Amino acid sequence: MVADAPDGRIVARVPTGSSFDGRALENAIERFLEQLPRPPSAIGLAIPGLVGPEPSVVACDVIPGMVGWRPPATLTDGMKFAMINDAAAALVEECHDAPAGVTAAVVMAGTGIGAAMLVNGRPLSGANGWAGELGSIPIAIGPDGVRTLDQLASGEALVRRLGVDGATMRTRAEAGDRETLRVIREAGNALGLGLAALLDIVNPAIVAIGGGLIDLPGYLDAALTTAERRTLPDLWRAGQVRKVRAGELVAALGAARAAEATVAIGP
């Protein structure tokens, strides 16, 4: 959670997990708001899943307890408010100063893989506003059947394959454990295939990559190497592929920026 206050930026982190749900989120937000020197002018929420009308959380594989949650009136009444997908939020932040008419994409590589796109300056949202589920694309066929990008490149896939939690995986990788580094590189290669598909189909001028996985040793390097190898050369040269500029705060800042652009809700 992040807030820009007159005296500087305030950041708080709250762990989530299988037991985390809408009530836990409400409590965390309430505690965070109590720290602020004044009430916020707007509240934005970035959700790692599908956001429907009302708004509501329609699907959220990485935090299943959030499914069906709707923000209470205490967060929305009389307030500028926005709740959007986390990749869409990251896109808002990353491209807020991009040239008009830009075609760009943000790819978030964390517990799951997601993306959001601008095409000729306009959000590519799809029929239900759910475009960008990059992690769900089929990416390989093998002895285990069809595998999606999430199943091969996500943080959830990595910890399942290594049989350790994320913190242990990171510690082993930073210590140079060969098996851990090998598995991370293979996951990065899989992400590279997803990036190549995105580059070939959308032809973006910018692809910005964020999420907790990109700082794992070897992950992003493998992704970029594979993406360059598997993308049509002219399309690769036409775009710039880089990390998001705001780092781990990109989705939170984008959600806040989206909320500031809305009209106050409620009485």
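In the block above lies the structure referred to throughout.
Residues numbered from 1 in each chain as written. Predicted model: local features only at pLDDT ≥ 70, side-chain atom pairs only at ≥ 80, totals over all residues. Heavy atoms only, no water.

Caption draft 1: Expanded view of the environment of E93. With respect to the secondary-structure elements, E93 resides in helix α3 (residues 86–94). Distance from E93 to L249, taken between C-alpha atoms, is 9.5 Å for residues 156 residues apart in sequence. With near-sequence residues (within four places) excluded, E93 lies in contact with R245, A246, V250, L253, G254 and R257. (Helix = DSSP H or I, 4+ residues; strand = E, 2+ residues; numbered from the N terminus. Contact = heavy atoms within 4.5 Å.)

Caption draft 2: Expanded view of the environment of R38. If you trace the backbone, R38 turns up in the loop between α1 (22–35) and β3 (42–47). A C-alpha to C-alpha distance of 9.5 Å links R38 and P6, two positions 32 residues apart in sequence.

Caption draft 3: Local environment of the environment of E260. Relative to the assigned elements, E260 resides in helix α10 (residues 250–260). Those residues within four positions of E260 in sequence are excluded, and the remaining contacts are S41, A42 and K80. A polar atom in the side chain of E260 sits 2.7 Å from the side chain of S41. (Polar contact = N/O pair within 3.5 Å; in protein donor to acceptor, adjacent residues only side chain to side chain.)

Caption draft 4: Up close: the packing of helix α6 (residues 166–174) against helix α7 (residues 178–202). The geometry of α6 relative to α7 is characterised by a closest axis approach of 8 Å and an angle of 110 degrees between their N-to-C directions. Taken together, the axes of α6 and α7 are roughly perpendicular relative to one another. Counted together, M169, R172 and A173 of α6 and T180, L181 and I184 of α7 form the full contact between these two elements. Residue classes in the contact of α6 with α7 are distributed as four nonpolar, one polar and one charged. (Axes fitted to C-alpha atoms, helices over the stretch in contact; angles between N-to-C directions. Parallel < 35°, antiparallel > 145°, perpendicular 65-115°, else oblique. Nonpolar A, V, L, I, M, F, W, Y, C, P; charged D, E, K, R; others polar.)

Caption draft 5: A look at the side chain of E94. One can find E94 in helix α3. Judged by its relative accessible area of 3%, E94 falls in the buried class. Not counting residues within four places of it along the chain, the set of residues in contact with E94 comprises V106, A208, R242, K243, V244, R245, A246 and V250. (Buried < 20%, exposed > 50% of the residue type's maximum accessible area, 1.4 Å probe, protein only.)

Caption draft 6: Quick look at the sheet that holds strand β7 (residues 104–109). Strand order across the open sheet formed by five strands is β9-β8-β7-β12-β13, with mixed pairing between neighbours. Each edge of the open sheet carries a strand with a single partner, namely β9 (122–123) and β13 (240–243). Relative to β13, strand β12 (residues 206–210) is paired through four bridges, and the arrangement is parallel. Its bridge partner lying in β13, I209 is registered against K243. (Pairing = 2+ DSSP bridges.)

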